[in-house]
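One-letter residues, chain by chain:
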Amino acid sequence: MVKRKVAALEKVEADLVNLQYKIRRDPRSYAQEFYDQWLAYDAQRQIFLSAPSTASADDVKKFHDLVDLVAHVADLYLEVTTPFPDHLKQLLNQHHATLDKELREKIVGSLVLLRRKDVIDSASLLTTLFPILVSTPSKSLRSLLYTKIISDLRESNAKATNHKLNRTIQTVLHNLVTSDRTSSKGVWATRITRELWRRQVWTDARPVDVMKEACLSDNEKVVVGGVRFFLGSDKEREELEDDSSDDDIDLKKVQHQGIINKKTKKRQKAYEKALEKIKKHEKKKHAPHPLNFSALHLIHDPQGFAEQLFQKHLQSSKNKFTLDNRLLILQLVTRLVGLHKLTILSLYSWFVRYLTPKQLNVTSFLASLAQATHNLVPPDAIEPLVVKIANEFVSEGCAAEVAAAGINAIREVALRQPLCMSETLLQDLVLYQKSKDKGVAMAAKGLQSLYREVYPEMLQKKQRGKVATMGLRAGEVKPLRFGEEEAGGIEGIELLERYKEEQKKKKLEERAANGEAGDNGGKPDDEDDEDAWNSDDWEVGSSDSESSDGWIDVHHSSDEEDDGPAAKRRRTGAGGDDDSDDNDSDDNDDSDADEAPDLVDAADSAAARQAEADRISKLATTTILTPADLAKLQELRREAQMDKLLGRAAKRKKELIQKHIEDGLTAEDIELPAQLGKKMTKEEKLAVAREGKPSREEHKSTQAIRKAKKEAEGKSSTNREKARKKNFLMTLGKARQKNKRSLVETSKKMRAHIQRSKSGGRRRNGT
C-alpha cells in the first residue's frame, strides 16, 4: 500500500488539534509547548495589525488555527493569555472591514467562546460587538453579530434576570436612537428590542421607552420598526408560545421504537432525553403564568406620545412618508386613543379629507376612525364624520360593496359611542335592511341589532324588537348618558342576587302549599331564607343587619303597587325642578296630557336604575359571600356566558363594547359584510374546500397515503408485508423445508415460536 504524502500545512493543523487535546488533559506537562504556540500567535498578530490585506492564504490559515487553539485553552493559562481578549477586540475593531471572512468569523466566535468560559463578561463582549454591528458594511458580518448578541443576552437571562446587563444594553440602544434621529442605525435597536421582547427576555417598561423614541425618529425605517413593535409584538409573543407548546414529544412512540428496534446506547440516550424534555414541559405547564403586560399598556404618558406621533408624522405637511407607513402610524395613534381613552380632538377633523370612496385604502381609514372612538369622545366631534360617511358611502348611487362598508363602519363607531348620530339618520340607515344586496342588508341589520341592545329608544317602536321593548317597559335597559360609566363591583353579582330571590320565592310557595305560611316561629322570612341557603356553610353576616333596627327597608311588590303613582310623583319631583313643573302643569292642564307619558317613562327609568343600584350594593356591601356563594356565582357566570354564546340572551353590551380594544380593528372587519354577501366563484369555492387539507401534488392511492403517514410517524411495516415483498428465490428453500417436516418437528417449531413471542422475539426486546 502506497503511503500518502501529507502536506506541511496539514501536519501543522493536525499537530495543533492534537496539542489542544493533550493540553486539555494535562495542562502542566504541555505548558512549554503552549508558550511556543503563543509566541507564534503573537508574531502573526503583529503582521495582521500592520497590514491584514497583504497576508497570504497560508498566513491566514495559520493565524486562524492559532487563534482557535488559544481560545480553547485560554482558561488554563490565564497568566499568559490575559491580553488575548484585548488583542481580538483591537484586531476586530480596527480591521473588521479588511480581514478575511473566515478569520473574522473565527475572531467573533473566539470572543463568544471566551465569554462562555467566563474569561470576559457579557457587557465587555456586547459593547465590543454592537458598535461593529451598526457600522460594518458586510451583510454576513451583521447577521453573525446580530445572532451572537441575541443568543448571549438570552443566555445571560436564562436562569435569572440580569438587571445590570439589561440596563447597560438598553441604555446603549436608547442613546443610539436618540443621538441622531435622522440616521438609520436605530433600525438595529428596534430589531434587537423586538426580538428580545418576543422571546420574553425583556418584559418591563424600559424596552418600551426605547421603541417609543424610535417611533418619534425622523428616519422612516426606524419609525416603521417602532410602530410595528407596538402593533404586532404581543401577537408574535403568543405565536411563539404556541409554537413552543406544539413541539411536544410522543413518549409512547419513543418507547415503541425502543421495543421493536435493537437496543443501543444511542436509542437509550434518546429515550432519556425525550423523557427529560417531557418532564421539563410538564413543569413549565404547571408553573404560574408570568405577568406579561402588553407593550401598549407600559407606555409612559400615552396622551403625550399619541399627540407627538399625530403632530409629527400625520398632521405635519413636511412629512414625506409613504401612504402605507402613514396608515401604520395612524393605526398606532388610534389604538392608543381607544385603549387609554385619550382625547385628541384635532384627530377627528383630520379624518374628514380621507372619508371618500375614491380614497386609496379607505377601509383602513374607516377602521382607524372606529378605533379612535370611545365613550368619552364628545358626540359633537364624531357626528359630522358619521354624517359624511352616510352621505359619501350610503346612497342609491353607490355600489353595494361601498354601502355595506359604510354602514358597517358606522356600526363600529356607534358600538363605541352610541350618541354619534341622530335618530333620523339611524332610522334612515336601518331601512337599508330591505336592500336586495345581502351584504348591505346584513350591515343594516347589524346596526339595528346594536341599537336594540345599547340604545333602543332611538329606534322606532316597530324596529325595537320584543326583547328591547319589554326591557324598556321593565326598566332593565338603561342607556348611558355622555360621560357616564357603568358602576363597578363583583362581576355577575346580580345573577347571584336573582338566584337567591328565586330560591326564596320557591320556599315561600312550598310553605304556602304545606299550610305553613306566616308560621316561622317569630323569625323574619329573610333571615329564615338566608339560614336555609347557607345551612352547611359559615353564616352570612348580613342577616342581623337586615332584620334589626330598620336599617334596610324591604319593599314588597304589593307595597309598590299600592304606592306606585305617589312614588312616581315623588321621584319625578326629586329629579329636578323642570320635571316637577311639568308634572304640576300636567295635573292642572289637560291640553299638555300628551307630554305626561314621556315624563312617566323617564321617571320609571330613573327609578329602575336606582332600584338596580340599591339591589346590587345591598348584596355586595352588606353580605359576606360564603365559599358556597362564590362557587354558585362562578356557575351562574358560566351559564350566562353559554347563554350568550348560544344566542339565548340579548345582554351582550359589555362584550360588544370591549370588542377590538386589545386586538384592534382592521380593514377586513369593515369589508366583512360585503365579502359575506358576495357570491364566490368556482375557484374561490375550491380554495375554501381545500383549506386545511393536506396538499396532494400528485395522485396517490389510499394505501400509498397510509404508508406515507405511517413512515412519517416512525412506524415500520408488518412481518407479513415484509414477507410479501421478499424475493421468491429467497423463500423457495424455506418452503421446501417446511413441506419435508414431520409432525413432531412442526410441533417443536410451533412451541419454540410461542416461547419466543412471550420473551419478546429473537432479540428478546420484551425482557
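Residues numbered from 1 in each chain as written. Predicted model: local features only at pLDDT ≥ 70, side-chain atom pairs only at ≥ 80, totals over all residues. Heavy atoms only, no water.

(A) Representation of the overall build of the protein chain in the model. Looking only at helices and strands, one finds 37 helices and 0 strands in the protein chain. Counting only residues that meet the buried cut, the protein chain has 35% of its 767 residues in that class. Long-range pairs, those at least 24 residues apart, make up 71% of the contacts in the protein chain between residues at least 6 apart in sequence. (Helix = DSSP H or I, 4+ residues; strand = E, 2+ residues; numbered from the N terminus. Buried < 20%, exposed > 50% of the residue type's maximum accessible area, 1.4 Å probe, protein only. Contact = heavy atoms within 4.5 Å.)

(B) Region of interest: the packing of helix α3 (residues 57–73) against helix α5 (residues 101–116). It is at 10 Å that the axes of α3 and α5 come closest, and there the two elements cross at 5°. In terms of their interaxial angle, α3 and α5 are classed as roughly parallel. Facing α3, whose interface residues are Val60, Phe63, His64, Val67, Asp68, Ala71 and His72, α5 presents Glu102, Leu103, Lys106, Ser110, Leu113 and Leu114. (Axes fitted to C-alpha atoms, helices over the stretch in contact; angles between N-to-C directions. Parallel < 35°, antiparallel > 145°, perpendicular 65-115°, else oblique.)

(C) The pattern of salt bridges, seen in detail. Considering all chains together, one arrives at 14 salt bridges under this definition. Across the pair glutamate 635 and lysine 632 runs a salt bridge whose closest N-O atoms are separated by 3.5 Å. Here glutamate 635 pairs with lysine 632, and both are found in helix α30 (residues 627–646), just 3 residues apart, close to one helical turn. Where salt bridges share partners, they join Arg115, Asp118 and Asp152 into one cluster. (Salt bridge = Lys/Arg side-chain N within 4 Å of Asp/Glu carboxyl O.)

(D) Summary view of unusual backbone geometry. Phi at aspartate 118 takes a positive value of approximately 60°, unusual for a residue other than glycine. Structurally, aspartate 118 is set in the loop between α5 and α6 (122–135). The class for aspartate 118 is exposed, based on a relative accessible area of 60%.

(E) How the structure looks around helix α19 (residues 400–416). Its 17 residues give α19 an end-to-end C-alpha distance of 25 Å, which sits within 8% of 24 Å, the value for a rise of 1.5 Å per residue. Across the 17 residues that make up α19, a large majority, 14, are buried. (Expected span 1.5 Å × (residues − 1).)

(F) Fine view of the packing of helix α2 (residues 31–50) against helix α4 (residues 84–95). Their axes nearest at 11 Å, the elements α2 and α4 cross at an angle of 20°. Judged by the inter-axis angle, α2 sits roughly parallel to α4. Pair α2 / α4 crosses with left-handed handedness. Counted together, Trp38, Tyr41, Asp42, Arg45, Phe48 and Leu49 of α2 and Phe84, His87, Gln90, Leu91, Gln94 and His95 of α4 form the full contact between these two elements. (Left-handed = near helix turned anticlockwise from the far one by under 90°.)

(G) Fine view of the confidence of the model for the protein chain. With 73% of its residues at a pLDDT of at least 70, the protein chain reaches an overall mean of 78. Note that residues 1–13 has pLDDT below 50 and, in this model, 6 contacts with residues that lie over four places away or in other chains. Taken as a whole, residues 537–597 scores under 50 in pLDDT and shows 45 contacts with residues more than four places along the chain or in a different chain. (pLDDT = per-residue confidence, 0-100.)

(H) A look at helix α18 (residues 379–393). Its 15 residues place the ends of α18 20 Å apart at the C-alpha level, agreeing with the 21 Å of an ideal helix rising 1.5 Å per residue. For α18, the full list of buried residues reads Pro379, Ile382, Leu385, Val386, Ile389, Ala390 and Phe393. Angularly, the buried residues of α18 cover 140° about the axis, an arc narrow enough to put them on a single face. Away from its buried face, by an angle of more than 90 degrees, α18 presents the exposed residues Asp380 and Asn391. Where α18 is buried, its residues meet α16 (345–350), α17 (362–371), α19 and α20 (423–430). (Arc of directions from axis to C-beta.)

(I) Representation of the packing of aromatic side chains. Using the criterion set out here, one finds 15 aromatic pairs in the structure. Each ring, one from phenylalanine 310 and one from tryptophan 350, has its centre 6.0 Å from the other, and the planes form 85°; the classification is edge-to-face. Of this pair, phenylalanine 310 sits in helix α14 (residues 302–315) while tryptophan 350 is found in helix α16, placing the two residues 40 residues apart along the sequence. Among the residues examined, phenylalanine 310 registers a relative accessible area of 1% and is labelled buried. (Phe/Tyr/Trp six-rings, centres within 6.5 Å; stacked < 30°, edge-to-face > 60°.)

(J) Looking closely at the nonpolar core. Phe230, Leu347, Met421 and Tyr451 are the most contacted members of the largest nonpolar core, which totals 80 residues. Apart from residues lying up to four places away in sequence, phenylalanine 230 is in contact with Val208, Met211, Lys212, Cys215, Ala295, Leu296, Ile299, Phe305 and Leu332. Residues Leu19, Ile23, Val60 and Leu66 belong to the second largest nonpolar core, which totals 57 residues. (Core = buried A, V, L, I, M, F, W, Y, C linked by side-chain atoms within 4.5 Å.)

(K) View of a positive patch on the surface. Taken together, Lys707, Arg720, Arg724 and Lys725 make up a surface patch of like positive charges. In terms of residue count, the dominant contributor to the positive patch is helix α35 (residues 719–725) (3 residues). Counting through the fold element by element, arginine 724 comes out in helix α35. For arginine 724, a relative accessible area of 61% gives the class exposed. (Patch = residues over 30% accessible without salt bridge, like charges linked within 9 Å, V, L, I, M, F, W, Y side chains within 5 Å. Areas by Shrake-Rupley, 256 points an atom, 1.4 Å probe, with all protein chains shown as cover. Lys, Arg positive; Asp, Glu negative; His and termini not counted. Charge placed at Lys NZ, Arg CZ, Asp CG, Glu CD.)

(L) Summary view of the side chain of asparagine 157. Its place among the elements puts asparagine 157 in the loop between α7 (139–156) and α8 (163–179). Assessed through its relative accessible area of 12%, asparagine 157 is described here as buried. A polar atom in the side chain of asparagine 157 sits 2.8 Å from the backbone oxygen of leucine 153. Those residues in contact with asparagine 157, other than ones at most four positions away along the chain, are Asn162, Asn166 and Val201. (Polar contact = N/O pair within 3.5 Å; in protein donor to acceptor, adjacent residues only side chain to side chain.)

(M) Up close: the environment of arginine 116. Here arginine 116 is to be found in helix α5. The exposure class of arginine 116 is exposed, given its relative accessible area of 53%. Put simply, arginine 116 and glutamate 155 are 39 residues apart on the chain and 9.6 Å apart in space, counted from C-alpha to C-alpha.

(N) Region of interest: the environment of glutamate 412. On the secondary structure map, glutamate 412 appears in helix α19. Looking at glutamate 412, the relative accessible area reads 2%, which means it is buried. Each C-alpha atom of the pair glutamate 412 and leucine 369 lies 9.1 Å from the other, and the pair is 43 residues apart in sequence.

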